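# Examination of the molecular architecture
The lines below spell out each chain.
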Amino acid sequence: MSGETNSWERKVHQAFRLGAEAFKEAMQAIKRVGPNPPPKIAQRIEGRLFSKLQEIWAQYPDLKSPTTGLLYSSSPDLRLNDVEHLHWRRHGKLHHQDRARVHADDLDAFGRVNRTLNDYVAWRRGQYVKDFKIDPDHWTLLEMGFDFGLNDLSAEELADCFDALCPCGRSHDADALKKQRSRVKSAIKKAQNP
Ligand SMILES: [Zn+2]
């Protein structure tokens, strides 16, 4: 593929590629700190990534991601954003929807919200948090590109795209990635119609 533009690059929006590159850079910076980076350092790098992403989106004022708008409140309070991310990735349910269920005395939702808060406190303290079903780097990219062409890529294009943009550092299997994309897609569909 040397010299020519990969087909995934033509099919995804430029804003997604720039955002994914910023994400990769930040995740690699965290990994360079060591296997258990102090939470304060990781959070500082994430804070910088957050500002960088705001700058990138600001270059495309007409660009909207209805999916990101649905999934996260994009609060200036990064702690709320982290809780929303943890909840969504652990349970495949939206934090604000589950909080409304808690108010209606739904005990399952209560359990999920508690679990998320426990995960959050452990994560802030640099303690062990059980892995998610989908690699968090993959989940982030699949969400970030959801409205920006990632769903239009063939399985092979998707793997090429992840080989270029994913911070996980492994090479990507087209079929496995396609399955992960379907899983994220169906979780998002459910969140749209709770
Ligand atoms: Zn990866």
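Sequence order sets the numbering: in each chain, residues are counted from 1 along the sequence as written. The predicted nature of this model means local features are confined to residues of pLDDT at least 70 and side-chain atom pairs, given and counted, to a pLDDT of 80 or more, with totals for whole chains, interfaces and linings taken over all residues. Derived side-chain values reflect all non-hydrogen atoms in the structure, with water molecules and hydrogen atoms excluded from consideration.

So, on to the coordination of the zinc ion. Each metal site lists N, O and S donors within 2.8 Å (3.2 Å for Na, K and Ca). With water left out of the atoms, a site can look as if it is missing ligands. Every protein donor of the zinc ion is accounted for by His138 (NE2), Cys166 (SG), Cys168 (SG) and His172 (NE2), and the metal-donor separations fall at 2.0 to 2.3 Å. In this structure, the zinc ion is surrounded by four donor atoms whose angles at the metal cover 102 to 116°, and the resulting shape is tetrahedral. Read in sequence order, the donor residues for the zinc ion give the motif H-x27-C-x1-C-x3-H. Across the pair, histidine 172 and cysteine 166 agree in class, each one buried. Angle rules define the geometry names used: all angles between 85 and 135 degrees makes four donors tetrahedral, while opposite donors over 155 degrees apart and all other angles between 65 and 115 make four donors square planar and six octahedral, leaving every other case irregular. Burial classes follow relative accessibility: with a 1.4 Å probe on protein chains only, a residue under 20% of its type's maximum area counts as buried, one over 50% as exposed, and anything between as partly exposed.

With that settled, consider the side chain of aspartate 135. Numbering goes from the N terminus for both helices and strands, where a helix is a DSSP run of H or I of at least four residues and a strand is a run of E of at least two. Here aspartate 135 lies in the loop between helix H7 (107-124) and helix H8 (136-144). At 2.7 Å, the side chain of aspartate 135 and the side chain of arginine 170 are in polar contact. Note on definitions: a residue-residue contact is assigned when non-hydrogen atoms from the two residues lie within 4.5 Å. Setting aside anything within four residues of it in sequence, one finds aspartate 135 in contact with Cys168 and Arg170. Polar contacts here mean pairs of N or O atoms no more than 3.5 Å apart (in protein, one a potential hydrogen donor and the other a potential acceptor; neighbouring residues in sequence count only if both atoms are side-chain atoms).

Once that is clear, we can look at the nonpolar core. Grouping buried Ala, Val, Leu, Ile, Met, Phe, Trp, Tyr and Cys residues that are joined through side-chain atoms within 4.5 Å yields what is termed a nonpolar core. Residues Phe16, Trp88, Leu150, Cys161 and Phe162 are the most contacted members of the largest nonpolar core, which totals 42 residues. Sorting elements by how many residues they give to this core places helix H2 (residues 14-33) first, with eight residues. Discounting chain neighbours no more than four positions away, the residues touching cysteine 161 are Trp8, Phe16, Leu150 and Leu153.

What follows deals with the packing of aromatic side chains. The aromatic pairing rule takes the rings of Phe, Tyr and Trp, using the six-membered ring of Trp, and pairs them if the centres are within 6.5 Å, calling planes under 30 degrees apart stacked, those over 60 edge-to-face and the rest tilted. This structure, assessed with the given rule, holds three aromatic pairs. Taken together, a centroid distance of 5.7 Å and an interplanar angle of 80° make the contact between tryptophan 88 and tryptophan 139 edge-to-face. Linking tryptophan 88 in helix H5 (residues 78-91) with tryptophan 139 in helix H8, this pair joins segments that are 51 residues apart in sequence. Per residue, the accessibility class of tryptophan 88 equals that of tryptophan 139, and both read buried.

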